[in-house]
Amino acid sequence: RDALGLAGVHDMRGHLSAALYALDECITEARAASDRTTEGRGHLGAARTLSGVGQYEEARHELDRAQSLLASEVELAQLWFERGNVYQEESRGQEQASHEGLALAALQQAQRHAERARSTHLLIPIELNMAFSLAELRRLDEAERHLETAALYDRDHRHGSIQQQIRARIAYRRGDLTLASS
């Protein structure tokens, strides 16, 4: 678990090779100790790091490895959230929302697990990411509903700037350039 924490620090600082090395160490030690949860979290961390550097296929392989190791509703919500993130990242910068449908399906799965776990802190980013994918798929009324749901969960307004960005994205997709630029 120390290696898992160290990997997170390296990742936040942009030391991605050091993060991946620490995650590999974490996975190896957890496997040797038969600690399935820590091993699964190590694979989740590796997927996050690999996605951050554009290695989407490798990130999906890490998520596949994690899936058989994680069991709790919270862990499964995190897994499906990360899977949705990988698909969203892969779609960024492309003219067509090529992976947004896959992202949405993964995020819906994450939402179901997070709701069963009653995990509000996970539901906020899940709802926001669902709103983004729905906006990219031009399902704008649904996108607005998920954005509103995220706002209800976000009582301390920690995600306010992200909500504004997605609101602007929805307005842009509606062709309301005045609202999109505000």
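The following refers to the structure shown. (Residues numbered from 1 in each chain as written. Predicted model: local features only at pLDDT ≥ 70, side-chain atom pairs only at ≥ 80, totals over all residues. Heavy atoms only, no water.)

### Structural notes on the environment of A151
Here is step 1: Tracing the chain through its elements places A151 in helix α8 (residues 140-153).
Here is step 2: The exposure class of A151 is partly exposed, given its relative accessible area of 31%.
Here is step 3: For the pair A151 and E127, spaced 24 residues apart in sequence, the C-alpha to C-alpha distance is 9.1 Å. (Helix = DSSP H or I, 4+ residues; strand = E, 2+ residues; numbered from the N terminus. Buried < 20%, exposed > 50% of the residue type's maximum accessible area, 1.4 Å probe, protein only.)

### A word on helix α4 (residues 56-67)
Side chains of residues three or four places apart in an α-helix project in the same direction, reflecting 3.6 residues per turn.
Here is step 1: Taking 1.5 Å of rise per residue, twelve residues should cover 16 Å, and α4 covers 16 Å from first to last C-alpha, within 8% of that figure.
Here is step 2: Y56, A59, R60, E62, L63 and A66 are the residues of α4 that are buried. Taken end-on, α4 shows its buried residues confined to a sector of 155°, consistent with a single buried face.
Here is step 3: Packing partners of the buried residues in α4 comprise α2 (16-32), α3 (36-52) and α5 (73-91). (Expected span 1.5 Å × (residues − 1). Arc of directions from axis to C-beta. Contact = heavy atoms within 4.5 Å.)

### So, the side chain of T38
Here is step 1: Checked against the element boundaries, T38 lands in helix α3.
Here is step 2: Side-chain polar atoms of T38 contact the side chain of D35, separated by 2.7 Å. (Polar contact = N/O pair within 3.5 Å; in protein donor to acceptor, adjacent residues only side chain to side chain.)

### Side note on the packing of aromatic side chains
Here is step 1: Under the definition given, this model contains zero aromatic pairs.
Here is step 2: Lying across the ring of W80, R83 places its NZ or CZ 5.2 Å from the centre.
Here is step 3: In this structure, R92 packs its charged tip against the face of F132, placed 5.0 Å from the ring centre. (Phe/Tyr/Trp six-rings, centres within 6.5 Å; stacked < 30°, edge-to-face > 60°. Lys NZ or Arg CZ within 6 Å of the ring centre and 35° of its normal.)

All quantities given are derived from atomic positions and should not be read as evidence of function.
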